[in-house]
Amino acid sequence: MAELTVEVPGLALSNPLMLASGIQGGSAAALHRVAASRCGGLVSKSIGPEKREIYPGPVCVEAMDSVVLNAMGLPNPGVEAFTNMMRENEFSKPMLVSIFGPDAESFANIATQMEDAGATALELNLSCPHSKPGSRSLIVGQQPELIKEYVSAVKQAVNIPIYAKLTPNTAQIAIEAGAALEAGADGISMINTVSALEVDPYAGRPIIGNLLCGMSGPAIRPIAQRKLAEVALAMRRGEIPEAPILAMGGITTGLDVARFIMLGASAVQIGSALIYGDVATFGQIEKELGDFMDVSGYKDLESMRGIALDSMEGLN
Ligand SMILES: Cc1cc2nc3c(=O)[nH]c(=O)nc-3n(C[C@H](O)[C@H](O)[C@H](O)COP(=O)(O)O)c2cc1C
């Protein structure tokens with residue numbers, strides 16, 4: 001049986017299948033429930049400085065086959081309630097705590113509080129607006145200078161590993177990845193949702209309550225794979241520092257996981273697939289991945305990692 005364990009900074013995973021942020025990771029009960037499944041690790045819902053309510057609905061719809069659209073509004077219990085919860089609970093799987101804030105200082109404060117409450121690794125959700133005037137129409141993850149500022153602030157504030165979660169809504173994602181790694185990120189998480197919009201022709205208005213939304217699910221997998229290859233190839237060529245990548249976007253099967261590992265990912269995260277198949281999905285994907293590796297003669301993840309990049313090295 002193929003060996004599925006993987007170690008990346010701050011996370012010793014029993015298999016490479018992690019929960020993605022925002023899906024079932026906002027409360028102790030939800031996190032315990034996912035931890036009891038065959039997942040290898042957890043990522044919390046993104047936690048901000050204060051409690052935030054969910055946007056008016058609809059907030060999440062399957063708009064067509066393989067397309068999940070959402071604009072939740074980053075609802076979360078706030079850092080104080082979440083750190084209290086962390087002190088009262090021990091989870092049976094390693095957890096990345098996802099955080100966001102309006103500016104670098106807020107990110108650093110939340111990071112410190114999470115570390116004090118026992119977090120062993122953080123994921124910075126850089127798909128959030130910046131509070132300073134002038135750059136409101138762009139999110140942090142689209143501005144390499146801001147990425148550097150935010151990541152450095154967190155790096156200076158804590159001693160635990162940090163993963164920068166990147167948006168795919170940018171021209172050259174390797175530039176954003178490089179900015180995060182040069183500022184001290186220990187790894188990259190990618191991708192967040194793809195910018196999207198859908199109209200309800202009967203209502204004559206956008207379908208999602210917030211009007212604009214993000215797209216996830218199987219339809220975005222080729223986009224996620226392309227972005228992953230761009231970052232992994234830049235690392236291979238020495239254009240940006242080398243670091244582990246936690247990749248995601250539309251994964252629903254063991255073969256999908258193999259595809260991401262072959263493009264250089266160390267581990268993966270799974271979100272929308274749980275909307276269809278709940279937490280049993282982790283067991284199914286783990287079995288499919290193990291069977292594929294056994295049949296194909298891959299003894300562990302490392303022997304498969306990055307092999308699809310070999311034929312792409314000459315690409316510009
Ligand atoms: C309902 C929903 C809520 C999400 N909330 C968050 C969040 O709070 N923080 C975050 O970094 N990403 C969030 N995401 C993005 C996912 O973590 C993931 O990056 C994206 O959905 C692509 O993976 P998938 O196709 O497996 O869902 C959310 C996605 C969905 C569908």
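These remarks concern the structure in this document. (Residues numbered from 1 in each chain as written. Predicted model: local features only at pLDDT ≥ 70, side-chain atom pairs only at ≥ 80, totals over all residues.)

## Here's the deal with the pairing of strand 10 (residues 187–190)
Successive side chains on a regular strand alternate, one facing one side of the sheet and the next facing the other. So the rule is basically this: Residues with at least 20 neighbouring C-beta atoms inside 10 Å of their own are called buried, those with 12 or fewer are called exposed, and the rest are partly exposed, where every C-beta is derived from the backbone. Helix numbers and strand numbers start at the N terminus; a helix is a DSSP run of H or I with at least 4 residues, a strand a run of E with at least 2. We call two strands paired when DSSP finds no fewer than two bridges between them. A crossover counts as right-handed when, viewed with the strands pointing away from the observer, the path leading from the first strand over the helix to the second turns clockwise.
What you see with strand 10 is no split at all: Gly187 and Ser189 on one side and Ile188 and Met190 on the other are buried throughout. Bridge count between strand 9 (residues 162–166) and strand 10: four bridges; the pairing is parallel. Bridging from a neighbouring strand, alanine 164 pairs with isoleucine 188 of strand 10. In the classification by handedness, the crossover that spans strand 9, the intervening helix 5 (residues 173–182) and the parallel strand 10 is right-handed. Where strand 10 and strand 15 (residues 245–248) come together, three bridges link them in parallel fashion. By the bridge assignment, isoleucine 188 is partnered in strand 15 with isoleucine 245.

## Let's talk about the site of the ligand
Rules: Using a C-beta atom placed from the backbone, a residue is scored as near a molecule or strand whenever that atom is within 6 Å of it. Note on residue categories: nonpolar means Ala, Val, Leu, Ile, Met, Phe, Trp, Tyr, Cys or Pro, charged means Asp, Glu, Lys or Arg, and polar means any other residue, Gly included.
The local shell around the ligand holds 27 residues, among which Ala20, Gly22, Ser216, Gly271 and Ser272 are the closest. Class assignment for the residues of the shell around the ligand results in eleven nonpolar, 14 polar and two charged.

## Focus on helix 4 (residues 144–157)
In plain terms, the rule: Expected span of a helix: the number of residues minus one, times 1.5 Å. This arc corresponds to the set of directions leading from the helix axis out to the C-beta atoms. Any two residues are considered in contact once their C-beta atoms, placed from the backbone, lie within 7 Å.
Taking 1.5 Å per residue, 14 residues should reach 20 Å; helix 4 reaches 20 Å between its end C-alpha atoms and fits that length. Among all positions in helix 4, only Leu146, Ile147, Tyr150, Val151, Ala153 and Val154 are buried. Down the axis, helix 4 shows its buried residues gathered within 155° of arc, on one side only. Facing away from the buried side of helix 4 by more than 90 degrees, the exposed set consists of Glu145 and Gln156. Looking at the packing, one finds that the buried side of helix 4 touches helix 3 (104–116), strand 8 (122–125), strand 9 and helix 5.

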